[in-house]
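# A closer look at the structure
Read off the chains here:
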Amino acid sequence: MTFSIVARDSQTGELGVATATAGPAVGALVPHVRAGRAAMATQAMTNPYLAVDTLAAIPAADAEHALQGALARDPESDRRQAIVIDAQGRIGAWTGTRCEDYAGHAMDEDVAVAGNIIAGRAVLDAMLGAFRGPGDLAERLFAALQAGNLAGGDRRTITSAALKVVRNQAYPEVDLRVDWSTDPIADLSDLIGRTRQGSYAEFFSAVLRRGAGS
């Protein structure tokens, strides 16, 4: 019932995730990011500890081995779906055999997408294609989410969406959620605009940042 994207910007070091679902508050449990470490989405019959354990294992392990180690501790891994990308661009992906159709994932350089109870593989292909368009990481993640929705998205429609991006601080550069809406993609687009210009953008540019070792 969810489709998501995780990605890395190799130029800026940013890591991000965007996600949408038919249920409320997808931003509460599905997206997980840690600066300099990884971005992950854990969905289907969501187990947030898959993300907790996977991110804790990185960077000692790469994304794939970290994810597999977390799945090995989950007795219901066949009901889970997860994608993760680490700071080096290495990807781990999993779609359990008991995830509801259509369920699958796809990967390309610096990006992975996944969905379950979606219209079909075309949703994932549309997301990958849109991600290769112009813009910074947040803009391309949103474009992918929008494209996935236009390609059919969640078969039951969507009511919540979220977008998170981290760069080099302990807090996110972008952290936006639409917890319940008849058009969460439009609302998320509005939030992106409102936070990237005007008084909020001025305020955020002045928020304290720490350098390496601070």
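Residues numbered from 1 in each chain as written. Predicted model: local features only at pLDDT ≥ 70, side-chain atom pairs only at ≥ 80, totals over all residues. Heavy atoms only, no water.

## Overview of the packing of helix α4 (residues 137-150) against helix α5 (residues 184-195)
Viewed as axis vectors pointing N to C, α4 and α5 meet at an angle of 165 degrees, and their least axial separation amounts to 11 Å. By the angle between their directions, the pair α4 and α5 is classed as roughly antiparallel. The element α4 and its partner α5 pack so that their crossing is left-handed. When α4 is examined against α5, the residues F142, L145, Q146 and N149 are found in contact with a partner set consisting of I185, L188, S189 and I192. Residues of the contact of α4 with α5, tallied by class, amount to five nonpolar, three polar and no charged. (Axes fitted to C-alpha atoms, helices over the stretch in contact; angles between N-to-C directions. Helix = DSSP H or I, 4+ residues; strand = E, 2+ residues; numbered from the N terminus. Parallel < 35°, antiparallel > 145°, perpendicular 65-115°, else oblique. Left-handed = near helix turned anticlockwise from the far one by under 90°. Contact = heavy atoms within 4.5 Å. Nonpolar A, V, L, I, M, F, W, Y, C, P; charged D, E, K, R; others polar.)

## A few points about the sheet that holds strand β6 (residues 91-95)
In space, the four strands of this open sheet follow the order β3-β4-β5-β6, with antiparallel pairing throughout. At either margin of the open sheet sits one strand with a lone partner, and together these are β3 (31-34) and β6. Direction aside, the axes of adjacent strands within the sheet are offset by 10 degrees on average. Contacting β3, β4 (38-44) and β5 (80-86), helix α1 (residues 48-57) crosses the sheet at an angle of about 155 degrees to β4. (Pairing = 2+ DSSP bridges.)

## Things to note about unusual backbone geometry
Look at the link from I58 to P59: it is a cis peptide, with omega at 15 degrees. Relative to the assigned elements, P59 resides in the loop between α1 and α2 (63-72). A cis amide bond, omega -15 degrees, links D101 with the succeeding residue Y102. Counting through the fold element by element, Y102 comes out in the loop between β6 and β7 (103-108). Positive phi values are uncommon outside glycine, yet A44 reaches one of about 65 degrees. Turning to its location among the elements, A44 is positioned in strand β4. Here A44 falls in the buried class, since its relative accessible area comes to 14%. Positive phi, close to 80 degrees, is recorded for T157, a residue that is not glycine. On the basis of relative accessibility, which here comes to 48%, the residue T157 falls in the partly exposed class. (Buried < 20%, exposed > 50% of the residue type's maximum accessible area, 1.4 Å probe, protein only.)

Keep in mind that these numbers describe shape and distance, not what the molecule does.
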